[in-house]
Amino acid sequence: QQQVKQSPQSLIVQKGGISIINCAYENTAFDYFPWYQQFPGKGPALLIAIRPDVSEKKEGRFTISFNKSAKQFSLHIMDSQPGDSATYFCAASTGGGNKLTFGTGTQLKVEL
Amino acid sequence: ETGVTQTPRHLVMGMTNKKSLKCEQHLGHNAMYWYKQSAKKPLELMFVYNFKEQTENNSVPSRFSPECPNSSHLFLHLHTLQPEDSALYLCASSPQRGRGEAFFGQGTRLTVV
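Everything numeric here is computed off the predicted structure, so don't read it as measured data.

### With respect to the sheet that holds strand β1 (residues 4–7) of chain A
All names here are of chain A. Overall, antiparallel pairing links the five strands, which are arranged β1-β3-β8-β7-β6 in an open sheet. The outermost strands of the open sheet, each flanked by one partner alone, are β1 and β6 (56–59). Going from strand to strand, the sheet's axes swing by 15° on average, the running direction of each strand aside.

### A closer look at the packing of aromatic side chains
Residues and elements named next belong to chain A. Under the counting rule described, the total for this entry stands at 16 aromatic pairs over all chains. Ring centres of F33 and F66 lie 4.8 Å apart, and the angle between their planes is 45°; on these two criteria the pair is classed as tilted. In this pair, F33 is assigned in strand β4 (residues 33–38) and F66 in strand β7 (residues 62–67), connecting sequence segments 33 residues apart. Classification of F33 by relative accessible area gives buried; the value is 0%. The class for F66 is buried, based on a relative accessible area of 7%. Members of the aromatic cluster, connected to one another through ring pairs, are Y25, F30, F33, W35, F66 and F73.

### Focus on unusual backbone geometry
Residues S7(A) and P8(A) are joined by a peptide bond in cis, for which omega reads -5°. Within the secondary structure, P8(A) is located in the loop between β1 and β2 (10–14). The step from T7(B) to P8(B) runs through a cis peptide bond, and the omega angle for that step is -10°. The residue P8(B) is located in the loop between β1 (4–7) and β2 (10–13) in this model. Phi is positive for D79(A), which is not a glycine, with a value near 50°. Relative to the elements of secondary structure, D79(A) occurs in the loop between β8 (72–77) and β9 (86–92). Notably, K52(B) is not glycine yet its phi reads approximately 70°, a positive angle.

### Quick notes on the pattern of salt bridges
Side-chain pairs of opposite charge can arise where the charged atoms are in close proximity. Tallying each qualifying case throughout the model produces four salt bridges over all chains. Two residues, R61(A) and D84(A), come together in a salt bridge whose shortest N-O distance is 2.8 Å. Of this pair, R61(A) sits in the loop between β6 and β7 while D84(A) sits in the loop between β8 and β9, placing them 23 residues apart in sequence. Here E44(B) makes a salt bridge to K41(B), at a shortest N to O gap of 3.6 Å. Of the residues examined, E44(B) reaches a relative accessible area of 29% and is grouped as partly exposed. On the basis of relative accessible area, K41(B) is assigned to the partly exposed category, the value being 41%.

### Some words on the side chain of Q25(B)
Residues and elements named next belong to chain B. In this structure, Q25 sits in strand β3 (residues 18–25). From its side chain, Q25 meets the backbone oxygen of S71 in a polar contact 2.8 Å long. Not counting residues up to four positions away in its chain, the partners in contact with Q25 are G3, V4, M32, S71, S72 and S93.

### Structural notes on the nonpolar core
Ranked by internal contacts, the top residues of the largest apolar core, which has 24 residues, are F33(A), W35(A), F73(A), L75(A) and Y88(A). For this core, the elements supplying multiple residues, two or more each, are β2, β3 (19–25), β4, β5 (45–50), β7, β8, β9 and β11 (106–111) of chain A. Per element, the largest residue contribution to this core is four residues, and it comes from β9(A). Setting aside anything within four residues of it in sequence, one finds L75(A) in contact with S19(A), I20(A), I21(A), W35(A), L47(A), I48(A), F62(A), T63(A), I64(A) and Y88(A). With 22 residues, the next largest nonpolar core counts W34(B), V60(B), L74(B) and L81(B) among its residues.

The rules behind these values
Residues numbered from 1 in each chain as written. Chains lettered and ligands numbered in written order. Predicted model: local features only at pLDDT ≥ 70, side-chain atom pairs only at ≥ 80, totals over all residues. Heavy atoms only, no water. Pairing = 2+ DSSP bridges. Helix = DSSP H or I, 4+ residues; strand = E, 2+ residues; numbered from the N terminus. Axes fitted to C-alpha atoms, helices over the stretch in contact; angles between N-to-C directions. Phe/Tyr/Trp six-rings, centres within 6.5 Å; stacked < 30°, edge-to-face > 60°. Buried < 20%, exposed > 50% of the residue type's maximum accessible area, 1.4 Å probe, protein only. Salt bridge = Lys/Arg side-chain N within 4 Å of Asp/Glu carboxyl O. Polar contact = N/O pair within 3.5 Å; in protein donor to acceptor, adjacent residues only side chain to side chain. Contact = heavy atoms within 4.5 Å. Core = buried A, V, L, I, M, F, W, Y, C linked by side-chain atoms within 4.5 Å.

So, in structure tokens, the structure goes:
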């Protein structure tokens, strides 16, 4: 049973465009929702995270939107750049912690 | 660099071999984790150690044997693996189990032949 469903599997965006990646979860006990960015040959790195007491969090060009009633959250990358090309993973955990349940990942390519 | 170092970066082993993966963190964290990353699948949490004690084993086959001699080092001992065990094995650490950002190493790419 996959507890965190992520879509799309891959995404191509033009430079300057908006990249949107969506995740849905089932476990209502989840209370910490991080997004990780992974470049080839590297481990995942925390990009941005949100807790369910807020509906949106923004850090630079990266925004998480959170819909608790729908049990969905999404990552928006504004003004996408070629350097953003990477695989993005959503994740969720309980107790605000690091026993993370990951989505399957979205491979983003930003084209010039 | 994230402060979490894994060696070796690449490993090819036969099904009858015994090998070990090593992870070292220089962040002063107390919790360490092993994850398995396979193509087209979510990262799978394998083991969790908190203050050197194993606190979680997610139904991992006994051919994978973790060891945590201290809070800075974590090993994954491998024996009689199967080809389907080929994957990227990632180590992570965090200040405590369940608290703080998890920092990942670069992983060991394991191929079982």
